[in-house]
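# Structure assessment
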Amino acid sequence: MRRPGGWWRLKSTPEKVETYTRWSFHFFGGIEVFALGVSAYGRTGVGLASALCLLVTVHAAVCMLVSSRALDWTLGRRPQPVRLMWTLVAVTAVVAITAVVIADRGPAGEVETAAGSVYGGVMCFGAGVITLGVRGRRRMVAVVGAFALGAGLMTFPLEMPALASVVLAGLVMVTGGFLAVTSIFSLWLLNAVYALDDAKETRARLAVAEERLRFGRDMHDVMGRNLAVIALKSELAVQLSRRGRPEAVEQMIEVQRIAQESQREVRDVVRGYREAALEVELAGARGVLSAAGIVSEITGETAGLPSEVQSALGWVVREATTNVLRHGDAEKVAVVVRMSEGRVVLTVENDGVTEATGDGPSADSGGSGLAGLRERLSAVDGTLEAGPAGKGVFRLTAEVPLPAAATGAAALGVAS
């Protein structure tokens, strides 16, 4: 059963910002309904107030739909909502003209005030929302200016003074411009958050690729020279064999020796990659996490640990770091190595839990990473535990027993 608020914790940081931005635009629609529609009930009769409130509600609904589609268009998920934007222009014009008619032909006094508020308000909200669907400063200024000009021209049937019409147009220009700037800034901020998230993923992929390139360079350095020598000596052996020279056998024996030596060197490289010391893996994890923009905090003493213990725990560090980069949204990773009753305890914590079940980035999607670690730790009688450890935190704990001699040496090291 999903916990309350689980849908929000499932979202990544950019998705949370997008949800906040989308509902902020919808909140503008709610403000329009209450500020222009509901407030009309206190200014005029119930019949006219209900008509004005209904018009404002329809206009606000269209505004919310346009803002949502414009947001999707900005994020590249939908085509530009051109028809819907023209629909909003038409609805704005209809509501504004209706408000003008009510103000012109309805009872004087409070009715004119209520209708006038609806008239100016829908023009301001319409101008602010339409700018979400266009790009470029000039087009945005042109949209707001067109609404302000239209607001001034449609006041002529009311026989308003020219100065009052200019003031009204200026108010629409300023208020609509403010709403437009606020909305555009929200979109800019959302795009920036998505861009930063993409950059973070790119840095993580580059960090993993750099580690693969390092291994590839090591293999090239080991095999390149030996393969070149093998090729030359093989060619020489072929030439000598064609001439019936006995030295061909010596050359092939040398080729065999170099090939066997190459196999040994390759095993050494792979063994060094797979069984690196824990201290080396911790240093590598710090560098890779830093390159990915993740804060790492590594504490504890690793000196004096047996090679098989270091190898097993080094694999835990490597697997946990790799999965943080691949699957998580972590901002901080803490690694602690400590001695406890003749056992080495390695703890890796990160704040990148993204699934409703509490699974974090230290476990891969299929669980094979944890299974592989448990197999490696079982070879040295070690254990592995993984799971959530608080709100948004995933903890991986590996314990490996120390041999009696190593336990004594570790105790002396701590005492000194």
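A quick note: this is a predicted structure, and the numbers were derived from the prediction, not measured. (Residues numbered from 1 in each chain as written. Predicted model: local features only at pLDDT ≥ 70, side-chain atom pairs only at ≥ 80, totals over all residues. Heavy atoms only, no water.)

### With respect to the overall build of the chain
For the chain, the count of helices and strands is twelve helices and five strands. The contacts of the chain with a sequence gap of at least 6 include a subset with a gap of at least 24, amounting to 71%. Carbon and sulfur atoms make up 61% of the accessible area of the chain, which totals about 22,800 Å². (Helix = DSSP H or I, 4+ residues; strand = E, 2+ residues; numbered from the N terminus. Contact = heavy atoms within 4.5 Å. Areas by Shrake-Rupley, 256 points an atom, 1.4 Å probe, with all protein chains shown as cover.)

### Some details on the sheet that holds strand β5 (residues 394–401)
Spatially, β1-β2-β3-β5-β4 is the arrangement adopted by the five strands of the open sheet, whose pairing is mixed. In the strand order of this sheet, the two ends are held by β1 (295–300) and β4 (383–388), each with one partner. Taking each pair of neighbouring strands and ignoring which way they run, the sheet shows an average axis angle of 10°. Inspection of the sheet shows strand β2 (residues 332–339) paired to strand β3 (residues 343–350) by seven bridges, in the antiparallel sense. Across the sheet, residue V337 finds its bridge partner in β3, namely L346. (Pairing = 2+ DSSP bridges. Axes fitted to C-alpha atoms, helices over the stretch in contact; angles between N-to-C directions.)

### Comments concerning the environment of V122
Summarising the element assignment, V122 is placed in helix α5 (residues 110–130). Since its relative accessible area comes to 0%, V122 is described here as buried. Along the sequence, V122 and L55 sit 67 residues apart, while their C-alpha atoms lie 9.6 Å from each other. Every residue in contact with V122, bar those within four places of it in the chain, is listed here: E32, L36, H59, T92, V95 and A96. (Buried < 20%, exposed > 50% of the residue type's maximum accessible area, 1.4 Å probe, protein only.)

### Details of a nonpolar patch on the surface
A contiguous nonpolar surface patch, about 410 Å² in accessible area, is contributed by F34, V38, Y41 and V46. Tracing the chain through its elements places Y41 in the loop between α2 (13–37) and α3 (46–74). (Patch = residues over 30% accessible without salt bridge, like charges linked within 9 Å, V, L, I, M, F, W, Y side chains within 5 Å. Salt bridge = Lys/Arg side-chain N within 4 Å of Asp/Glu carboxyl O.)

### A closer look at α2
End to end, α2 covers 36 Å across 25 residues, agreeing with the expected 36 Å (1.5 Å per residue, within 8%). Residues of α2 that are buried include every one of P14, E18, T19, T21, R22, F25, H26, G29, E32, V33, L36 and G37, and no others. (Expected span 1.5 Å × (residues − 1).)

### Some words on the side chain of H26
Note that H26 resides in helix α2. Sequence-distant contacts of H26, that is, excluding residues within four places in its chain, are made with M64, S67 and S68.

### Quick word on the pattern of salt bridges
The full count for this structure, using the stated rule, is eleven salt bridges. Taking the shortest distance from any N to any O, the salt bridge between K332 and E297 comes out at 3.4 Å. Note that K332 is positioned in strand β2 and E297 in strand β1, a separation of 35 residues in sequence. Given the relative accessible area of 41%, K332 is considered partly exposed. Look at the salt bridges and you will find they share partners, linking E18, R22, D72, R77 and R78 into a network.

### Side note on the packing of α2 against α3
Contact geometry of α2 with α3 gives a least axis separation of 8 Å together with a crossing angle of 165°. By the criterion of interaxial angle, the relationship of α2 to α3 is roughly antiparallel. Crossing of α2 over α3 shows right-handed handedness. On the side of α2, the interface is formed by E18, R22, F25, H26, G29, E32, V33, L36 and G37, while α3 contributes A49, C53, V56, T57, H59, A60, C63, M64, S67, S68, L71 and D72. Tallied by class, residues from the contact of α2 with α3 come to ten nonpolar, seven polar and four charged. (Parallel < 35°, antiparallel > 145°, perpendicular 65-115°, else oblique. Left-handed = near helix turned anticlockwise from the far one by under 90°. Nonpolar A, V, L, I, M, F, W, Y, C, P; charged D, E, K, R; others polar.)

### With respect to the environment of R286
By secondary structure assignment, the location of R286 is in helix α9 (residues 278–291). Taking the relative accessible area as the measure of exposure, R286 reaches 39% and is therefore partly exposed. Once the C-alpha coordinates of R286 and E297 are considered, the two residues, eleven residues apart in sequence, prove to be 8.0 Å apart. Once residues lying within four places of it in the same chain are set aside, the contact partners of R286 are S296 and I298.

### Let's talk about the pairing of β4
When β4 meets β5, the two strands line up antiparallel, connected through six bridges. Bridging across to β5, L384 finds its partner in A398. Taking the residues between adjacent antiparallel strands as the criterion, β4 and β5 are bridged by five residues, where G390 takes a positive phi near 115°.

### Examining unusual backbone geometry
A positive phi angle, near 60°, is found at D381, a position not held by glycine. With respect to the helices and strands, the residue D381 is situated in the loop between α11 (368–378) and β4. Residue D381 is classed as exposed on the basis of its relative accessible area of 60%.

### Concerning the confidence of the model for the chain
Averaged over every residue, the pLDDT of the chain is 78; the share at 70 or more is 83%. Here residues 355–359 is a poorly scored stretch, pLDDT under 50, and it has nine contacts once near neighbours within four places are set aside; other chains count. (pLDDT = per-residue confidence, 0-100.)

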